[in-house]
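# Observations on chain architecture
Next come the chains, spelled out residue by residue.
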Amino acid sequence: MNKQEIRERVWSTMTDEKVGRFPFPLKGRIPNFKGAEKAAELIFQMEEFKQAKVVKVNPDSPQLPIRAQVLKDEKPFSYQHQD
């Protein structure tokens, strides 16, 4: 399975299971999802996050809690897009 096929499967599954949140449609983006805040909390507990000197974070909706914590922690961040 290639990267695009995996994306298509994830978007379809999220749509079928109704776990997506605004903005819609989910397809073609990093989709927002129910539980994004809980996922962010798990990231904050990771040693890698705690010790990170710079954090790469996307401007997409589900990463808002991560961006907020990075700013609160005064960690430098990068918005560099990678496909």
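Located above this text is the structure these notes cover.
In short, a report on the structure. (Residues numbered from 1 in each chain as written. Predicted model: local features only at pLDDT ≥ 70, side-chain atom pairs only at ≥ 80, totals over all residues. Heavy atoms only, no water.)

Along the chain, Phe 22 connects to Pro 23 via a cis peptide bond; the corresponding omega equals 10°. One can find Pro 23 in the loop between helix H1 (3-16) and helix H2 (36-44). Cis rather than trans, the peptide bond between Phe 24 and Pro 25 has omega equal to -5°. Structurally, Pro 25 can be placed in the loop between H1 and H2. Here Lys 18, not a glycine, exhibits a phi torsion of approximately 55°, which is positive. Considering the arrangement of structural elements, one finds Lys 18 in the loop between H1 and H2. If you check the backbone angles, Glu 74 has positive phi at about 55° while not being a glycine. Looking at the element boundaries, Glu 74 is found in the loop between helix H4 (64-72) and strand E2 (77-78). Note on Glu 74: relative accessible area 70%, which makes it exposed. (Helix = DSSP H or I, 4+ residues; strand = E, 2+ residues; numbered from the N terminus. Buried < 20%, exposed > 50% of the residue type's maximum accessible area, 1.4 Å probe, protein only.)

Counting eight residues, the largest nonpolar core consists of Ala 40, Phe 44, Phe 49, Ala 52, Val 55, Val 57, Ile 66 and Val 70. Contributions of two or more residues to this core are made by H2 and H4. Residues in contact with Val 70, not counting those within four places in the same chain, are Phe 49, Val 55, Lys 75, Pro 76 and Phe 77. (Core = buried A, V, L, I, M, F, W, Y, C linked by side-chain atoms within 4.5 Å. Contact = heavy atoms within 4.5 Å.)

The quantities given are spatial measurements derived from coordinates; they are silent on function.
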